[in-house]
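Commentary on secondary and tertiary structure
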Amino acid sequence: MKIEKIDNEIVIRVSDETDLTGLERLLDFLKLRETTSKSKITADQIDELSKDIKTSWWEKNKAKFLK
């Protein structure tokens, strides 16, 4: 593995034998960190949003599970 800083980017080179699934999971995590690093949302706001999404999802999909 080789890590370089070029201009305003960090370049990571890995062997072509690297596990792609693991690498994709790592990249997804890094994208999430990069995106959320600029956010001003609080943990309480995230929790509330999560509850709202779960409630909304359940209302739309409960008929699929309850017959």
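Residues numbered from 1 in each chain as written. Predicted model: local features only at pLDDT ≥ 70, side-chain atom pairs only at ≥ 80, totals over all residues. Heavy atoms only, no water.

Centre-to-centre distance and the angle between the planes together describe a pair of aromatic rings. Counted according to the given criterion, the structure contains three aromatic pairs. Judged by centre distance (5.9 Å) and plane angle (45°), the ring pair of Trp-57 and Phe-65 falls under tilted. Take Trp-57: its relative accessible area is 44%, and that puts it in the partly exposed class. Within the aromatic cluster, the residues linked to one another by ring pairs are Trp-57, Trp-58 and Phe-65. (Phe/Tyr/Trp six-rings, centres within 6.5 Å; stacked < 30°, edge-to-face > 60°. Buried < 20%, exposed > 50% of the residue type's maximum accessible area, 1.4 Å probe, protein only.)

What follows deals with the pattern of salt bridges. Under the criterion given, the structure shown has two salt bridges. The salt bridge partner of Glu-4 is Arg-13, with a shortest N-O separation of 3.0 Å. The partly exposed category is assigned to Glu-4, whose relative accessible area is 23%. Residue class for Arg-13 comes out partly exposed when judged on its relative accessible area of 46%. The salt bridge involving Glu-59 is made with Lys-62; its shortest N-O contact spans 3.4 Å. Here Glu-59 and its partner Lys-62 are both found in helix α2 (residues 43-65), three residues apart, which amounts to about one turn of the helix. Overall, Glu-59 belongs to the partly exposed group, its relative accessible area being 47%. (Salt bridge = Lys/Arg side-chain N within 4 Å of Asp/Glu carboxyl O. Helix = DSSP H or I, 4+ residues; strand = E, 2+ residues; numbered from the N terminus.)

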